[in-house]
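What follows is each chain in one-letter form.
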Amino acid sequence: MNAIEIRGLKKSFKDFTLGPFDLDLPEGSIMGLVGENGAGKSTTIGLIMNALRSDEGTVKVLGIDNKGPSFRAVKEDIGIVLDEAYYPEPLTARKLGFIMKHTYAAWDEGLYEGYVKDLDLPMNKAFKDFSRGMKMKLAIAIAMSHKARLLILDEATSGLDPIVRDEILDVFNEFTRDEKHSILLSSHIVSDLEKVCDYIAFIHKGRLLFCEEKDRLLEDYGIIKVSSSVYDSLDPACIKGVKKSPYGVEALVTKSSLPGGIDVEHTSLEDVILFLAKGVN
Amino acid sequence: MLGLLFKDLLSIARQAKIYLFLIVIFSIIPDASMTAFAIVYSAMMPITALAYDDQSKWNTLAVMMPYSRLELVLSKYLFGFGAMLASALLCTIVRSVLGIFNVGEPVTAADMLAKMAAGAALICITLPFMFRFGVEKGRLLLFGIVGITIAAGFFLDKAELPEISASTLSIAAILAFAILVPGSIWLSVKAFGRRNCF
């Protein structure tokens with residue numbers, strides 16, 4: 001089963017259009033939704049959660065249409081963390097726990113207190129006095145304390161220091177040990193996605209450029225550094241992105257369609273994304 | 001829904017303590033209009049809770065939680081009506097205790113109901129605007145309504161109006177609320193639906 005299944009999704013604004021695109025997040029996996037600021041990642045999450053009305057297309061979350069009356073019950077199984085922790089400032093971790101106990105039917109107080117303790121958060125300090133890192137950690141603790149099957153995280157790690165980010169990525173890895181648990185993680189920090197994701201979906205200027213298994217992406221693509229004359233002799237179909245300079249040509253290629261005799265370097269996810277984005281531009 | 005009510009109550013806990021103190025003070029003052037102040041003041045509690053929601057952008061997250069838009073709206077009405085009821089009960093208790101010592105006048109049920117009706121009307125008129133435009137702009141409207149109400153009261157006081165019986169007034173009030181409350185909730189849900197929370 002797919003945790004998220006998107007078909008022909010489209011949303012138009014005055015100066016921006018997202019989609020139409022299809023996307024599947026298989027159950028038990030982590031998908032990274034990557035793209036520059038304003039690419040449409042948050043809009044996609046808003047559409048998945050039906051916080052925004054789509055113009056076209058359908059979205060199924062945990063097998064249920066997100067516009068149907070049953071979706072409210074499905075929200076019980078979704079842990080959500082947005083780019084900011086949108087909780088009223090006078091509240092404390094203890095008070096938020098009490099509120100969530102009366103919000104989610106499956107709220108697990110012991111689990112929540114465990115996360116708060118493990119993530120080194122104070123129980124009785126007002127939310128307004130939390131640092132950004134603490135706020136995000138608390139939002140993640142809340143999202144994971146009602147036995148969610150799907151976590152949707154919108155830029156949850158941006159603006160955090162590397163130590164906190166690493167701590168949080170460990171929590172996500174732990175979460176997906178259960179094969180019924182899935183995560184959709186939007187970020188523009190590609191190194192974070194490379195660490196934890198099974199699938200990468202790349203959105204650029206409202207268009208989904210690809211959605212692939214991360215390992216396959218890294219296996220299929222490579223970087224070549226050649227002279228202009230060698231570059232000109234290559235089949236254009238194998239070139240996915242190019243950077244030209246007076247010293248030669250650097251290109252992202254599909255390894256399988258490249259002729260022999262050319263040295264191919266391993267590529268990183270960041271390189272793939274940068275080359276593809278430039279190719280589209 | 002209960003989670004939303006607790007969220008509002010816990011968010012404004014500090015203000016609520018000040019409210020409680022003021023309600024007791026208003027009740028001690030031996031002037032009938034002071035209890036009206038206390039009740040109408042408590043009717044503004046949902047606006048304070050909404051201000052916290054706006055400030056923290058709570059609704060951006062809340063629409064993704066297991067709450068419907070109707071529940072998000074309805075919780076504010078219930079919170080306001082509950083705050084008024086608690087305020088009216090406290091006023092009644094304080095006045096009754098003072099009555100034992102022959103201080104001030106005891107309040108009557110009809111008097112309290114009339115004041116709660118005024119508070120409920122305030123909630124029903126202002127909340128759709130608060131949901132549509134946010135608390136900052138909505139507060140301007142609140143000041144406008146208070147100003148118009150004071151001016152209307154002043155002119156009605158001067159005008160020679162025909163005598164209306166208490167029973168006729170009660171029936172008119174019940175009919176007005178039977179339309180006003182659901183009408184206001186419907187408008188608030190529509191206004192909240194139009195508002196871009198995300």
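Note: the structure precedes this text.
Residues numbered from 1 in each chain as written. Chains lettered and ligands numbered in written order. Predicted model: local features only at pLDDT ≥ 70, side-chain atom pairs only at ≥ 80, totals over all residues.

Asks: Any chance you could explain the overall build of chain B here in plain terms?
Replies: The helix and strand tally for chain B stands at nine helices and zero strands. Secondary structure elements of chain B, listed N to C terminal, follow the sequence α-α-α-α-α-α-α-α-α. Rg of the C-alpha trace for chain B: 18 Å, near the compact-globule value of 16 Å for 198 residues, within the 12% margin. On the principal axes, the C-alpha backbone points of chain B span a range of 55 × 40 × 25 Å. Among the 198 residues that make up chain B, the fraction classed as buried is 33%. In chain B, once contacts between residues fewer than 6 apart in sequence are set aside, the share between residues at least 24 apart is 79%. (Helix = DSSP H or I, 4+ residues; strand = E, 2+ residues; numbered from the N terminus. Rg over C-alpha atoms; globule rule 2.2 N^0.38 Å. Buried ≥ 20, exposed ≤ 12 C-beta atoms within 10 Å, placed from the backbone. Contact = placed C-beta atoms within 7 Å.)

Asks: It is not clear to me how the overall build of chain A should be interpreted in this structure. Could you clarify?
Replies: Scanning chain A from terminus to terminus reveals ten helices and 13 strands. Over its C-alpha atoms chain A spans a radius of gyration of 21 Å, differing by no more than 12% from the 19 Å that the globule rule assigns to 281 residues. By residue count, 41% of the 281 residues in chain A fall in the buried class. Taking contacts inside chain A between residues at least 6 apart in sequence as the whole, the part at least 24 apart equals 68%.

Asks: Where do I start with the packing of helix 4 (residues 45-56) of chain B against helix 7 (residues 109-133) of chain B in this structure?
Replies: Between two packed helices, the angle of one axis relative to the other and the distance separating the axes together describe the packing. All names here are of chain B. Where helix 4 contacts helix 7, the axes come no closer than 10 Å and their chain directions differ by 10°. Relative to helix 7, the element helix 4 lies roughly parallel. As helix 4 runs across helix 7, the sense of the crossing is right-handed. Contact residues: Pro46, Ile47 and Leu50 in helix 4; Ile123, Thr126, Leu127 and Met130 in helix 7. The residue inventory of the contact of helix 4 with helix 7, partitioned by class, reads six nonpolar, one polar and no charged. (Axes fitted to C-alpha atoms, helices over the stretch in contact; angles between N-to-C directions. Parallel < 35°, antiparallel > 145°, perpendicular 65-115°, else oblique. Left-handed = near helix turned anticlockwise from the far one by under 90°. Nonpolar A, V, L, I, M, F, W, Y, C, P; charged D, E, K, R; others polar.)

Asks: Is there a simple way to think about the interface of chain A and chain B in this case?
Replies: Many analyses report the size of an interface as the accessible area lost when the parts associate. With 23 residues of chain A at the interface, the matching set in chain B holds 23 residues. Residue composition of the side of chain A that touches chain B, grouped by class: 14 nonpolar, three polar and six charged.

Asks: Explain helix 6 (residues 69-100) of chain B to me, please; I cannot follow it from the model alone.
Replies: Structural remark: α-helix, 3.6 residues per turn; residues separated by three or four positions point the same way. The first and last C-alpha atoms of helix 6 of chain B sit 47 Å apart over 32 residues, in line with the 46 Å expected at 1.5 Å per residue. Where helix 6 of chain B terminates, the next one or two residues include B:Asn102, which has phi positive at roughly 60°. (Expected span 1.5 Å × (residues − 1).)

Asks: How do you make sense of the pairing of strand 8 (residues 182-187) of chain A when you look at a structure like this?
Replies: Put simply, side chains in a regular strand alternate between the two faces of the sheet. Residue and element names in this part refer to chain A. Summarising burial for strand 8: six of the six residues are buried, a large majority. On strand 8, burial covers both faces: Ser182, Leu184 and Ser186 on one face and Ile183, Leu185 and Ser187 on the other are all buried. Bridging between strand 3 (residues 30-34) and strand 8 involves five bridges; their strand directions are parallel. Paired with leucine 33 across the strands is serine 186, a residue of strand 8. Pairing of strand 7 (residues 150-154) with strand 8 involves five bridges; the strand directions are parallel. Looking across to strand 8, one finds that leucine 153 is bridged to leucine 185. (Pairing = 2+ DSSP bridges.)

Asks: What am I meant to see in the pairing of strand 3 of chain A here?
Replies: All names here are of chain A. Among the five residues that make up strand 3, five are buried, leaving the element largely enclosed by the rest of the structure. The two faces of strand 3 match: Ile30, Gly32 and Val34 on one face and Met31 and Leu33 on the other face are all buried. Summarising the sheet, strand 3 and strand 9 (residues 199-204) pair through four bridges and their orientation is parallel. Counted as the bridge partner of valine 34 is phenylalanine 202 from strand 9.

Asks: What am I meant to see in the environment of A:Pro162 here?
Replies: Considering the arrangement of structural elements, one finds A:Pro162 in helix 6 (residues 162-175). Remark: the alpha-carbon pair of A:Pro162 and A:Ala85, spanning 77 residues in sequence, is separated by 19 Å.

Asks: Looking at this model, I keep getting lost on the sheet that holds strand 11 (residues 221-226) of chain A. Mind explaining?
Replies: Whether parallel or antiparallel, the strands of a sheet pair through hydrogen bonds between backbone atoms. All names here are of chain A. Ordered in space as 11-13-12, the three strands form an open sheet in which the pairing is antiparallel. At either margin of the open sheet sits one strand with a lone partner, and together these are strand 11 and strand 12 (239-245). In this sheet, neighbouring strand axes are inclined to one another by 15° on average, regardless of whether the strands run parallel or antiparallel. Bridging between strand 11 and strand 13 (residues 248-254) involves six bridges; their strand directions are antiparallel.

Asks: Would you explain the nonpolar core in this entry?
Replies: Where a protein is soluble and globular, its nonpolar side chains tend to be buried together. Ranked by internal contacts, the top residues of the largest apolar core, which has 118 residues, are A:Ile80, A:Ile140, A:Ala143, A:Ile152 and A:Ala201. When residues in this core are grouped by element, the largest group, eleven residues, is from helix 7 of chain B. Apart from residues no more than four positions distant in its own chain, A:Ala143 is found in contact with A:Gly79, A:Ile80, A:Val81, A:Ala148 and A:Leu151. (Core = buried A, V, L, I, M, F, W, Y, C linked by C-beta atoms within 7 Å.)

Asks: Got a minute to help me understand unusual backbone geometry in this structure?
Replies: Negative phi characterises most residues that are not glycine, and trans characterises most peptide bonds. Residue and element names in this part refer to chain A. One non-glycine residue, asparagine 50, adopts positive backbone phi at about 60°. Looking at the element boundaries, asparagine 50 is found in the loop between helix 1 (41-48) and strand 4 (56-61). The class of asparagine 50 is partly exposed, set by 19 C-beta atoms lying within 10 Å. Even without a glycine there, the phi angle at lysine 147 is positive, about 55°.

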